[in-house]
Amino acid sequence: MPGNRPHYILLPVSPLFITFSLVCAFMLNLMPMGRWVGSPDFVALVLVFWGIHQPRKVGIGVAFVMGLLMDVHDASLLGENALAYTLLSYLAIMIHRRVLWFTRMTQAIHVFPLLLLAQAVQAFVHFTASGRFPGLLHFAESVVAVALWPVITWLLLAPQRRAVDRDHTRPI
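None of these values were measured; they are calculated from a predicted model.

**Topic: the UniProt feature "transmembrane region" (unreviewed entry) in the chain**
Taking the numbering used here, the UniProt-annotated feature "transmembrane region" (unreviewed entry) corresponds to residues 6–30, 42–70, 82–99, 111–129 and 135–157. With 79% helix and 0% strand, residues 42–70 has its two end C-alpha atoms placed 11 Å apart. As a span, residues 82–99 carries 100% helix and 0% strand, and end to end its C-alpha atoms are 24 Å apart.

Written out as structure tokens, the structure is:
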């Protein structure tokens, strides 16, 4: 049963790997597919992941800086993404102890309202500034991001997993 799976102790995460994952997520957001309906916000997804798994290393300050970078890239109202990412990071840090006990699919269910709220904040700021509502299809990217949650979790935890065949000559 998936609920009875053992919880393995992970190796410490490298700050270099965290930086690499955030840069890769930013580069994925820079790709031209970002204007397609339903293409996920990879920066938001990676920020939620690190906010849940490493809340002391990736916090609200990192989320704010990444939001400002996305604001400059999108040429949107300065602070729109920064506000959404900061709120997203805060909420991810708030629930991180609870979410870590669940399976990946249940984690995705817990992450979905966070991503949806961040998109709602972005839509509200956009509506307030321009007077146009982006439409309900704007929220489809949260659904796609939640579908990618198990894959993102597997990829970002891969460097931290211990080898299955333990080498008795190594202490770890």
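**A few points about a nonpolar patch on the surface**
Judged by side-chain polarity, I60, L87, Y90, M94 and L117 come together as a nonpolar surface patch covering roughly 430 Å² of accessible area. Considering each element in turn, the nonpolar patch owes the most residues, three residues, to helix α4 (residues 80–99).

**Some words on helix α3 (residues 60–74)**
Under the 1.5 Å per step criterion, the end-to-end length of α3 is 21 Å for 15 residues, consistent within 8% with the ideal 21 Å. Every buried residue of α3 is accounted for by A63, M66, G67, M70 and D71. Around the axis of α3, the buried residues are gathered within 150° of arc, so they sit on the same side. Those residues of α3 that are buried are in contact with α1 (15–30), α2 (42–53) and α4. Two residues or fewer past α3, A75 is found with a positive phi of approximately 55°.

**Thoughts on the environment of S14**
Examined against the element boundaries, S14 turns out to sit in the segment before α1. With a relative accessible area of 33%, S14 lands in the partly exposed category. Between the alpha carbons of S14 and K57 there is a distance of 9.9 Å; along the sequence they are 43 residues apart. Looking at S14, its side chain comes within polar contact range of the main-chain nitrogen of L16, at 3.1 Å.

**With respect to the packing of helix α5 (residues 104–130) against helix α6 (residues 140–157)**
Running from N to C, α5 and α6 point in directions that differ by 140°, and their axes come no closer than 9 Å. Classified by the angle between their axes, α5 and α6 sit oblique to one another. Pair α5 / α6 crosses with right-handed handedness. Counted together, R104, M105, Q107, A108, V111, F112, L115, L116 and Q119 of α5 and E141, S142, V143, A145, V146, W149, P150, T153 and W154 of α6 form the full contact between these two elements. Partitioned by chemical class, the residues of the contact of α5 with α6 number twelve nonpolar, four polar and two charged.

**Focus: the packing of aromatic side chains**
Inspection of every chain in the model, using the stated rule, returns four aromatic pairs. With a centroid separation of 4.9 Å and an interplanar angle of 75°, the aromatic rings of F49 and W50 are classed as edge-to-face. Of the two residues examined, F49 and W50, each falls in the buried class. Seen in terms of ring centroids, F49 and W149 are 6.0 Å apart; in terms of plane orientation they differ by 55°. Their pairing is tilted. With F49 in helix α2 and W149 in helix α6, this residue pair connects regions lying 100 residues apart in the sequence. Exposure class is identical for F49 and W149. Each is buried.

The rules we used
- Residues numbered from 1 in each chain as written.
- Predicted model: local features only at pLDDT ≥ 70, side-chain atom pairs only at ≥ 80, totals over all residues.
- Heavy atoms only, no water.
- UniProt positions renumbered as here; feature names shortened; annotations may be inferred.
- Helix = DSSP H or I, 4+ residues; strand = E, 2+ residues; numbered from the N terminus.
- Patch = residues over 30% accessible without salt bridge, like charges linked within 9 Å, V, L, I, M, F, W, Y side chains within 5 Å.
- Areas by Shrake-Rupley, 256 points an atom, 1.4 Å probe, with all protein chains shown as cover.
- Salt bridge = Lys/Arg side-chain N within 4 Å of Asp/Glu carboxyl O.
- Expected span 1.5 Å × (residues − 1).
- Buried < 20%, exposed > 50% of the residue type's maximum accessible area, 1.4 Å probe, protein only.
- Arc of directions from axis to C-beta.
- Contact = heavy atoms within 4.5 Å.
- Polar contact = N/O pair within 3.5 Å; in protein donor to acceptor, adjacent residues only side chain to side chain.
- Axes fitted to C-alpha atoms, helices over the stretch in contact; angles between N-to-C directions.
- Parallel < 35°, antiparallel > 145°, perpendicular 65-115°, else oblique.
- Left-handed = near helix turned anticlockwise from the far one by under 90°.
- Nonpolar A, V, L, I, M, F, W, Y, C, P; charged D, E, K, R; others polar.
- Phe/Tyr/Trp six-rings, centres within 6.5 Å; stacked < 30°, edge-to-face > 60°.

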